[in-house]
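Read off the chains here:
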Amino acid sequence: RKEGERAEGEEGPWKVLDGNFITVWALNVSHPASDVMAAPRALLSDGCFDVLVVRHPISRFALISIFSKINDGTHVQDARVEYYKARHVIWEPHSNEGLLALDGELSSAGKGTTLPQVHRDKRLPLSHERMELVVRQGALTILVP
């Protein structure tokens, strides 16, 4: 999709993010772990992914500074953290370099990437192919006793 383009049935125009990224994190919950408030504006009922982006280049010190604030959600106040709400996300890597993790699990490692020892013997099932994430609000009903 192109910047500003709107498809039939979509509420708003596409926002295209292009460049080199340290992390792109799409969540539909505020807390992916009990001590991590990654997306403080996330609501289960809003039908959106909260997309957090940190672009390359950034120093290790700056990255540590940002993510040391993730337990209370104040990391999103840093100007180097971009925060978006989206109902539809398309991920199209320009190359097959780097690491790709889905839901915290290492899914793919690009050519020439040095893996941590714990992952070196694991078979990585996915590749750096185009992926599409779409929120289907109301597609699931959960009943809790």
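The structure presented is a predicted model; accordingly, all values stated were derived computationally and were not measured.

Analysis parameters
- Residues numbered from 1 in each chain as written.
- Predicted model: local features only at pLDDT ≥ 70, side-chain atom pairs only at ≥ 80, totals over all residues.
- Heavy atoms only, no water.
- Phe/Tyr/Trp six-rings, centres within 6.5 Å; stacked < 30°, edge-to-face > 60°.
- Lys NZ or Arg CZ within 6 Å of the ring centre and 35° of its normal.
- Helix = DSSP H or I, 4+ residues; strand = E, 2+ residues; numbered from the N terminus.
- Buried < 20%, exposed > 50% of the residue type's maximum accessible area, 1.4 Å probe, protein only.
- Core = buried A, V, L, I, M, F, W, Y, C linked by side-chain atoms within 4.5 Å.
- Pairing = 2+ DSSP bridges.
- Axes fitted to C-alpha atoms, helices over the stretch in contact; angles between N-to-C directions.
- Salt bridge = Lys/Arg side-chain N within 4 Å of Asp/Glu carboxyl O.
- Contact = heavy atoms within 4.5 Å.
- Polar contact = N/O pair within 3.5 Å; in protein donor to acceptor, adjacent residues only side chain to side chain.

### A few points about the packing of aromatic side chains
Moving on, step 1. Counted by the stated rule, this structure contains zero aromatic pairs.
Moving on, step 2. One cation-aromatic arrangement involves Arg41 over Tyr83; the distance from NZ or CZ to the ring centre is 4.1 Å.

### Observations regarding the environment of Val16
Moving on, step 1. Structurally, Val16 is set in the segment before β1 (21-27).
Moving on, step 2. Under the relative-accessibility criterion, Val16 is labelled partly exposed at 37%.

### Quick word on unusual backbone geometry
Moving on, step 1. Here the bond from His56 into Pro57 is cis, since omega is 0 degrees, no more than 30 degrees from zero.
Moving on, step 2. Position of Pro57 among the secondary structure elements: in the loop between β2 (49-55) and α1 (60-67).

### Let's talk about the nonpolar core
Moving on, step 1. Core analysis: the largest hydrophobic core is formed by 14 residues, its most contacted members being Ala39, Leu52 and Val81.
Moving on, step 2. For this core, the elements supplying multiple residues, two or more each, are β2, α1 and β3 (81-86).
Moving on, step 3. The next biggest cluster of nonpolar side chains, apart from the first, holds five residues, and it includes Phe49, Val51, Ala86 and Val89.

### Thoughts on the sheet that holds β1
Moving on, step 1. With antiparallel pairing, the three strands of this open sheet are ordered in space as β1-β2-β3. The strands lining the two open edges of the sheet, one partner per strand, are β1 and β3. Strand-to-strand twist across the sheet, computed as the mean angle between neighbouring axes with direction ignored, equals 15 degrees.
Moving on, step 2. Examined bridge by bridge, β2 and β3 share six bridges and lie antiparallel to one another. The residue of β3 that forms the bridge with Val51 is Tyr84.

### Quick notes on the pattern of salt bridges
Moving on, step 1. The tally for this structure, following the rule as stated, stands at six salt bridges.
Moving on, step 2. Residue Asp78 is joined to Arg80 by a salt bridge in which the shortest nitrogen-to-oxygen separation is 2.8 Å.
Moving on, step 3. Residues joined in a network through salt bridges with shared partners are Asp46, Asp50 and Lys85.

### A short note on the environment of Arg55
Moving on, step 1. Along the polypeptide, Arg55 turns up in strand β2.
Moving on, step 2. Between the C-alpha atom of Arg55 and that of Thr23, which follows or precedes it by 32 residues, the distance is 7.0 Å.
Moving on, step 3. In this view, Arg55 contacts Leu17, Asp18, Gly19, Asn20, Phe21, Ile22 and Glu82; residues no more than four positions away in its chain are not counted.
Moving on, step 4. Reaching out from Arg55, the side chain makes a polar contact with the backbone oxygen of Asp18 at a distance of 2.9 Å.
Moving on, step 5. Polar contacts involving the side chain of Arg55 include one to the side chain of Glu82, which spans 2.4 Å.

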